[in-house]
Amino acid sequence: MHLLVCGGTGCRASASDAIVGKLEKELEEKNLQDDVQVVMTGCFGFCEKGPIVKVLPDNTFYVQVKPDDAKSIVEEHVIKGRKVDKLLYRDPETSKEISDSKHMGFYKKQLRIALRNCGVINPESIDEAIARDAYAALAKVLGEMTPEQAIQEMINSGLRGRGGGGFPTGLKWKFAADNKADQKYVVCNADEGDPGAFMDRSILEGDPHSVIEAMAINGYCIGASKGLVYIRAEYPLAIERLKTAINHARDYGLLGENILGTNFSFDIEMRYGAGAFVCGEETALIHSMEGERGEPTFKPPFPAESGYLGKPTNVNNVETYANIPVIYLKGANWFNKIGTEKSKGTKVFALAGKINNVGLIEVPMGTTLREVIYEIGGGIKDGKKFKAVQTGGPSGGCLTEKHLDTPIDYDTLIASGSMMGSGGMIVMDEDDCMVSVARFYLDFTVEESCGKCSPCRIGNKRLYEQLDIICKGKGTLDDLDKLRNLSHVIKDTSLCGLGQTSPNPVLSTLDNFYHEYLEHVNDKKCRAGVCKDLMQYIIDNEQCVGCTACARVCPVGAISGERKGPHNIDQTICIKCGACIEKCKFSAISIQ
Amino acid sequence: MVKIKSLADLQKLKADMQTKVDLREKGESAENLVQVKVAMATCGIASGAKQVMEFFMDELEKRNIEAVVTQTGCMGYCYAEPTIEVTLPNQDPVVFGYVDTKKADEIIEKYVKEGILVDGIIPVNYETIDDKNK
Ligand SMILES: Cc1cc2nc3c(=O)[nH]c(=O)nc-3n(C[C@H](O)[C@H](O)[C@H](O)COP(=O)(O)O)c2cc1C
Ligand code: SF4
Ligand code: SF4
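Because the structure is predicted, anything quoted here is derived from the model rather than measured.

(A) Region of the structure containing the overall build of chain B. For chain B, the helix and strand inventory stands at five helices and six strands. Mapped from its N terminus to its C terminus, chain B presents α and β elements in the order α-β-α-α-β-β-β-α-β-β-α. Residues classed as buried in chain B amount to 53% of the 134 residues present. Within chain B, contacts between residues at least 6 apart in sequence are counted, and of these 59% link residues at least 24 apart. Of the roughly 6700 Å² of accessible surface on chain B, 50% is carried by carbon and sulfur atoms.

Written as structure tokens, this is what we have:
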């Protein structure tokens, strides 16, 4: 028998160490230490109800366990085999006790469709992939469906693009299929330029065959015999695994001429990008593959009309593709029951920032931010207070406390002033300054703007400068209006999606954290203590004993004072390095 | 290599592979194998998954334990890399996080040899598409 005690950061804070100690002591007293092992585990992800103890092999799940409960767990459960009722989890709706973790709603929070094989199969073995149904969808489509039927199935599934825009995939395929041409192309967008995002990389590294299979299905539907994967050269492992997978698929005849004995032929080539963010935009991506400069061009014409080498081209994202084989195997009607009315299926997110369980998660559309952050993510690091969550990367915005219970899908995120984007999700706490966050994203955009059109090239630079002035404590109320006006101009007049969305981080922080902007310009204060120019290190005359420790450590000689007399920091010299505050043994120095 | 020329070929290969994988995973019949999967995506490798995988391969052989060590993709528990999954014959897979060679040694000695769980288990917290079907 095993007693598993959650050792996640959240539970640890609420005494799981003490629980382990008590359990071990109880077991020893009963001379059971050799028969029952107490094991500390990683986070169960149900921190709201922690600390958690799970009993194996019967899978009993105890919540909100206190060290003093150790006795009853050992005496009742371990010795007499009776469950300790008061520690069982109660279903919030029926208030019935649930003892088996498999039946707890909580464990249904994540559903892996796109990630179904990641971490399950050996990505370099096509046989293992086939054992898990790889290429069965391709066989089904080629054998049982006409391209029109297959496109209709995709439309019925309600799948929308996971690369950011959320355009219905089936419709996009239909446009490309309807345009007649001697050659058409299928392109997989694996540029993934969003800072902090690594969903696509993980899929390619963990389950490359799902993408290859879906591209072949895509080719059959629109009448293309050539596929191209545009991937950034900074992803060497993903490139390696994808190449291996393509070769294996060719060896088996699953790519090449007359696939599965039909007259459909399809093959895939790789194209490497240098990692510019704008090259993820589909027209820029196509130009980059053609050997031109990676700059966007005006749409229309859309790639479905005139894309790679002027031929009809369908561009989809890696995660979009990874969903597709399952949709054909289980049917559009299986898929479109998952998610919300207008956003079907699941979304993979890369959870990062001030959260305990940083990682890759996949949840049905319609899951709330609260569920993601507190139940799956294990809550905020170090027990701090949640402030905001950034979604959509440089094109998105910051959501706050009041959005925590909004179900996440494409449309609700846009309505809340952010967007889905590719799936980066950065959690922020009270130590994050929202003006600085906006400045961070603008810095990124200025760096990554291709410079083709002036609103984006010049406008974003000006936005960045305004934000910088505010962070330095030299901003005025006027600047806030200017920020807003300029943001709207950039959105309305930029050529491509980069410029059209780049002011979103500014607008959403202005909307949701206007008070922080006000504090920066009116009171010259940064509540998070991030903007150095708005901070002052002050010595309290009452507390200071004149030990001179701070003056000796100050690297710029900003601190003066007599021995045994109160010391003073010259604010014009101080560089806010914080060295003095660490040295003072008398807590005489504070930040204001 | 034999080409797969039809749906029937694919299904046959799938069935073959499935029995093979099942045999390995469930250890039915004579093959009572231990299976170790190491998450080897960029994140895992960066935190030392390669050394851990080599350690398992070398040590399991040295200690005469019949086992298959394979690599797999990202399991999603980035905060606890390197992560590995160990499946003993006839048992559910168990995932361990923060596995360095020291932990790996403990896992072999305690869990693999004696079936005693050790600290650092990561509970599975998602549904799969197969669960969703039921
Ligand atoms: C500035 C910019 C960057 C983009 N970066 C990516 C990217 O890294 N990956 C991606 O799949 N789509 C990216 N897109 C979206 C693509 O233009 C395109 O809509 C997408 O690849 C279509 O695939 P989907 O319908 O499957 O989402 C970007 C768009 C813009 C405007
Ligand atoms: S909006 Fe920015 S990235 Fe897009 S074309 Fe204009 S300058 Fe280039
Ligand atoms: S270290 Fe503290 S007590 Fe000593 S002189 Fe500086 S402020 Fe005063």
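(B) Seen up close, the sheet that holds strand S9 (residues 226-232) of chain A. Residues and elements named next belong to chain A. Spatial strand order, S10-S9-S8-S11: four strands in an open sheet with parallel pairing. Each edge of the open sheet carries a strand with a single partner, namely strand S10 (267-273) and strand S11 (313-317). For this sheet, the mean angle separating the axes of adjacent strands, direction not counted, is 25 degrees. Examined bridge by bridge, S9 and S10 share seven bridges and lie parallel to one another. Residue pairing for S10: arginine 232 is matched across the bridge by glycine 273. Contacts from helix H9 (residues 208-222) reach strand S8 (185-190), S9, S10 and S11 within the one sheet, and its direction differs from that of S8 by about 150 degrees.

(C) Up close: the sheet that holds strand S15 (residues 397-400) of chain A. Residue and element names in this part refer to chain A. With mixed pairing, the five strands of this open sheet are ordered in space as S13-S12-S16-S14-S15. The outermost strands of the open sheet, each flanked by one partner alone, are strand S13 (359-364) and S15. Taking each pair of neighbouring strands and ignoring which way they run, the sheet shows an average axis angle of 30 degrees. With four bridges joining them, strand S14 (residues 386-391) and S15 adopt antiparallel strand pairing. Among the inter-strand pairings, valine 389 is bridged to a residue of S15, identified as leucine 399.

(D) Quick peek at the domain arrangement of chain A. By the assigned domains, chain A splits into domain 1 (2-108), domain 2 (126-335), domain 3 (346-429), domain 4 (434-523) and domain 5 (536-591). A straight line from the C-alpha centre of domain 4 of chain A to that of domain 5 of chain A covers 37 Å.

(E) Up close: the pattern of salt bridges. Per the counting criterion, the structure on display carries 45 salt bridges over all chains. Put simply, lysine 347 of chain A and glutamate 319 of chain A hold a salt bridge, and the shortest N to O gap is 2.6 Å. Remark: glutamate 319 of chain A occurs in helix H12 (residues 318-330) and lysine 347 of chain A occurs in strand S12 (residues 346-353); sequence separation between them is 28 residues. Given the relative accessible area of 1%, lysine 347 of chain A is considered buried. Put simply, aspartate 105 of chain B and arginine 63 of chain B hold a salt bridge, and the shortest N to O gap is 2.8 Å.

(F) Representation of the interface of chain A and chain B. The partner chain B presents 50 residues to the 60 residues of chain A that form the contact. Regarding the contact of chain A and chain B, the summed buried area is about 4400 Å², with carbon and sulfur atoms giving 57% of it. Where chain A packs against chain B, one counts one salt bridge. The element that contributes the greatest number of residues to the side of chain A that touches chain B is strand S2 (residues 37-41) of chain A, accounting for five residues. Of the residues that constitute the side of chain A that touches chain B, the class distribution is 31 nonpolar, 14 polar and 15 charged. The pairing of strand S7 (residues 111-112) of chain A with strand S6 (residues 127-128) of chain B spans two bridges and is parallel. Bridge pairing links arginine 112 of chain A to threonine 128 of chain B in S6 of chain B.

(G) Quick look at the nonpolar core. Counting residues in hydrophobic clusters, the biggest one holds 84 residues, and the most contacted among them are Tyr135 and Tyr328 of chain A. Aside from chain neighbours lying at most four places away, what touches tyrosine 328 of chain A is Ala137, Lys140, Val141, Met145, Ala150, Ile151, Glu153, Met154, Trp173, Ile217 and Cys221 of chain A. Ranked by size, the runner-up nonpolar core spans 28 residues in total, among them Val34, Val36, Leu60 and Ile65 of chain B.

(H) Quick peek at the side chain of threonine 60 of chain A. Mapped onto the secondary structure, threonine 60 of chain A falls in strand S4 (residues 60-62). A distance of 3.5 Å separates the side chain of threonine 60 of chain A from the side chain of lysine 83 of chain A, its partner in a polar contact.

(I) Representation of the site of ligand 1 in the model. Residue and element names in this part refer to chain A. Not every one of the 18 residues close to ligand 1 is listed here, only the nearest: Gly163, Lys172, Asn316, Asn317 and Thr320. Arginine 162 is positioned such that a nitrogen or oxygen atom in its backbone is 3.3 Å from an oxygen atom of ligand 1. Considering ligand 1 on its own, with 610 Å² of exposed area, one finds that the protein chains cover 88% of that surface. Those elements that place two or more of their residues in the shell around ligand 1 are S11 and helix H19 (497-501). Per element, the largest residue contribution to the shell around ligand 1 is three residues, and it comes from S11. Taken together, the residues of the shell around ligand 1 sort by class into three nonpolar, nine polar and six charged.

(J) Focus on the packing of aromatic side chains. Summed over the entire model, instances satisfying the criterion amount to seven aromatic pairs over all chains. The interplanar angle of 80 degrees and the centroid separation of 5.1 Å between the aromatic rings of phenylalanine 440 of chain A and tyrosine 441 of chain A together place this pair among those described as edge-to-face. The interplanar angle of 65 degrees and the centroid separation of 5.8 Å between the aromatic rings of phenylalanine 96 of chain B and tyrosine 111 of chain B together place this pair among those described as edge-to-face. Of this pair, phenylalanine 96 of chain B sits in strand S4 (residues 94-96) while tyrosine 111 of chain B is found in helix H4 (residues 101-114), placing the two residues 15 residues apart along the sequence. Neither residue differs from the other here; phenylalanine 96 of chain B and tyrosine 111 of chain B are each classed as buried. Through a chain of ring-to-ring contacts, three or more aromatic side chains come together here, namely Tyr220, Phe264 and Phe266 of chain A. The ring of tryptophan 334 of chain A carries lysine 330 of chain A above its face, with NZ or CZ at 5.6 Å from the centroid. Over the face of the ring belonging to phenylalanine 349 of chain A we find lysine 347 of chain A, whose NZ or CZ atom lies 5.8 Å from the ring centre.

(K) Examining a positive patch on the surface more closely. Taken together, Arg552, Arg563, Lys564, Lys583 and Lys585 of chain A make up a surface patch of like positive charges. Counting through the fold element by element, lysine 585 of chain A comes out in the loop between helix H23 (579-583) and strand S20 (589-591).

(L) Region of interest: unusual backbone geometry. The omega angle of the peptide bond from lysine 299 of chain A to proline 300 of chain A is -5 degrees, so this bond is cis rather than trans. Mapped onto the elements, proline 300 of chain A comes out in the loop between helix H11 (282-289) and S11. The peptide bond linking glutamate 81 of chain B to proline 82 of chain B adopts the cis configuration, its omega dihedral lying at -10 degrees. Along the chain, proline 82 of chain B turns up in the loop between strand S2 (67-72) and strand S3 (84-87). Positive phi values are uncommon outside glycine, yet tyrosine 135 of chain A reaches one of about 70 degrees. Relative to the helices and strands, tyrosine 135 of chain A is located in the loop between helix H4 (126-131) and helix H5 (136-144). We note that threonine 548 of chain A has phi near 70 degrees; this positive angle belongs to a residue other than glycine.

(M) Looking closely at the state of the cysteines. All told, the structure shown has zero disulfides over all chains when counted by the stated rule. We note that cysteine 118 of chain A lacks a disulfide partner, and the nearest cysteine sulfur, in cysteine 74 of chain B, lies 7.0 Å from it. Cysteine 531 of chain A takes part in no disulfide bond, and the closest cysteine sulfur to it belongs to cysteine 433 of chain A, at a distance of 3.8 Å. We classify cysteine 531 of chain A as buried; its relative accessible area is 4%.

(N) View of the site of ligand 2. Near ligand 2 you find 13 residues, and of these Cys450, Lys452, Cys453, Cys456 and Cys496 of chain A are the closest. Split by residue class, the shell around ligand 2 holds eight nonpolar, four polar and one charged.

The rules behind the values
- Residues numbered from 1 in each chain as written.
- Chains lettered and ligands numbered in written order.
- Predicted model: local features only at pLDDT ≥ 70, side-chain atom pairs only at ≥ 80, totals over all residues.
- Heavy atoms only, no water.
- Helix = DSSP H or I, 4+ residues; strand = E, 2+ residues; numbered from the N terminus.
- Buried < 20%, exposed > 50% of the residue type's maximum accessible area, 1.4 Å probe, protein only.
- Contact = heavy atoms within 4.5 Å.
- Areas by Shrake-Rupley, 256 points an atom, 1.4 Å probe, with all protein chains shown as cover.
- Pairing = 2+ DSSP bridges.
- Axes fitted to C-alpha atoms, helices over the stretch in contact; angles between N-to-C directions.
- Domains from an automatic or database assignment.
- Salt bridge = Lys/Arg side-chain N within 4 Å of Asp/Glu carboxyl O.
- Buried area = accessible area lost by both parts, 1.4 Å probe.
- Nonpolar A, V, L, I, M, F, W, Y, C, P; charged D, E, K, R; others polar.
- Core = buried A, V, L, I, M, F, W, Y, C linked by side-chain atoms within 4.5 Å.
- Polar contact = N/O pair within 3.5 Å; in protein donor to acceptor, adjacent residues only side chain to side chain.
- Near = heavy atom within 4 Å.
- Phe/Tyr/Trp six-rings, centres within 6.5 Å; stacked < 30°, edge-to-face > 60°.
- Lys NZ or Arg CZ within 6 Å of the ring centre and 35° of its normal.
- Patch = residues over 30% accessible without salt bridge, like charges linked within 9 Å, V, L, I, M, F, W, Y side chains within 5 Å.
- Lys, Arg positive; Asp, Glu negative; His and termini not counted.
- Charge placed at Lys NZ, Arg CZ, Asp CG, Glu CD.
- Disulfide = S-S within 2.5 Å.

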